[in-house]
Amino acid sequence: VQLQASGGGLVQAGGSLRLSCAASGRTLSRYTVAWFRQAPGKEREFVAAIRSVGTIHYGDSVKGRFTISKHNAQNMVYLQMNSLTPDDTAVYYCAADGSLILSQLRSDRDYDYWGQGTQVTVSS
């Protein structure tokens, strides 16, 4: 499956952005799809994941502010990001895998398919 992330940009603190992850080649309905992010000088961080059965998981730093959703007919996954802060500044990546168990959801090493990343910059 090929993934393409988009929707990043520059936003002021307190603002919102919606990231999109478009898939081709395979239907996302059978995959776990996640968003990760990586800030300069930091390790890649788990943001959110939605499993094929629809269950959703969030990283602690984004709970209550970010919402992941999936539109199976469009083969898209979205990340709605609200109440953004400068700490949310990073390159955001979407990733997918068809065979993860629950304990693997937050590990970037366990995802086989990756999009190219989209830059999100939050100014103070």
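For the structure itself, look to the data block above.
Residues numbered from 1 in each chain as written. Predicted model: local features only at pLDDT ≥ 70, side-chain atom pairs only at ≥ 80, totals over all residues. Heavy atoms only, no water.

Turning next to the sheet that holds strand 1 (residues 2-6). Strand order in the open sheet formed by 4 strands is 1-3-8-7, with antiparallel pairing between adjacent strands. Across the chains shown, the open sheet's two edge strands, defined by having one partner strand only, are strand 1 and strand 7 (66-71). In this sheet, neighbouring strand axes are inclined to one another by 15° on average, regardless of whether the strands run parallel or antiparallel. The pairing of strand 3 (residues 17-24) with strand 8 (residues 76-81) spans 6 bridges and is antiparallel. Across the sheet, L17 pairs through a bridge with M81, a residue of strand 8. (Pairing = 2+ DSSP bridges. Helix = DSSP H or I, 4+ residues; strand = E, 2+ residues; numbered from the N terminus. Axes fitted to C-alpha atoms, helices over the stretch in contact; angles between N-to-C directions.)

Before going further, it helps to spend a moment on the nonpolar core. Core analysis: the biggest nonpolar cluster contains 30 residues, and W35, L79, M81 and Y92 have the highest contact counts within it. Taken together, the elements giving at least two residues each to this core come down to strand 1, strand 3, strand 4 (32-38), strand 5 (45-50), strand 7, strand 8, strand 9 (90-97) and strand 11 (118-123). Not counting residues up to four positions away in its chain, the partners in contact with M81 are G15, S16, L17, L19, R65, F66, Y92 and V120. Counting 8 residues, the second largest nonpolar core, distinct from the first, contains F36, L100, L105 and Y111. (Core = buried A, V, L, I, M, F, W, Y, C linked by side-chain atoms within 4.5 Å. Buried < 20%, exposed > 50% of the residue type's maximum accessible area, 1.4 Å probe, protein only. Contact = heavy atoms within 4.5 Å.)

Attention now goes to the packing of aromatic side chains. To describe a pair of aromatic rings, one takes the distance between the centres and the angle between the planes. Tallied over the entire structure, the rule returns 6 aromatic pairs. With 6.1 Å between their ring centres and 75° between their planes, Y31 and Y113 make a pair best called edge-to-face. You can see Y31 sitting in the loop between strand 3 and strand 4 and its partner Y113 sitting in strand 10 (residues 113-114), a full 82 residues away along the chain. When the centroid spacing of 5.3 Å and the interplanar angle of 45° are considered together, the rings of F36 and W114 count as tilted. Of this pair, F36 sits in strand 4 while W114 sits in strand 10, and the two are 78 residues apart along the sequence. Accessibility expressed as a relative area gives 1% for F36, which makes it buried. For W114, a relative accessible area of 25% translates into the label partly exposed. Here a set of aromatic residues connected by ring pairs shows up, and it is made of F36, F46, Y93, Y111 and W114. Above the ring of Y78, the side-chain terminus of R18 is found at 4.1 Å from the ring centroid. Directly above the aromatic system of Y93 lies the positively charged group of R44, at a separation of 4.7 Å from the ring centroid. (Phe/Tyr/Trp six-rings, centres within 6.5 Å; stacked < 30°, edge-to-face > 60°. Lys NZ or Arg CZ within 6 Å of the ring centre and 35° of its normal.)

Per the stated rule, a full pass over the model turns up 4 salt bridges. The shortest N-O distance in the salt bridge between R37 and D88 comes to 2.8 Å. Here R37 is found in strand 4, whereas its partner D88 is found in the loop between strand 8 and strand 9, with 51 residues between them in sequence. Each member of the pair, R37 as well as D88, carries the same accessibility label: buried. Salt-bridge contacts for D88 lead to R65; the nearest nitrogen and oxygen are separated by 2.8 Å. Of the two residues, D88 is situated in the loop between strand 8 and strand 9 and R65 in the loop between strand 6 (56-58) and strand 7; the sequence distance between them amounts to 23 residues. Each member of the pair, D88 as well as R65, carries the same accessibility label: buried. (Salt bridge = Lys/Arg side-chain N within 4 Å of Asp/Glu carboxyl O.)

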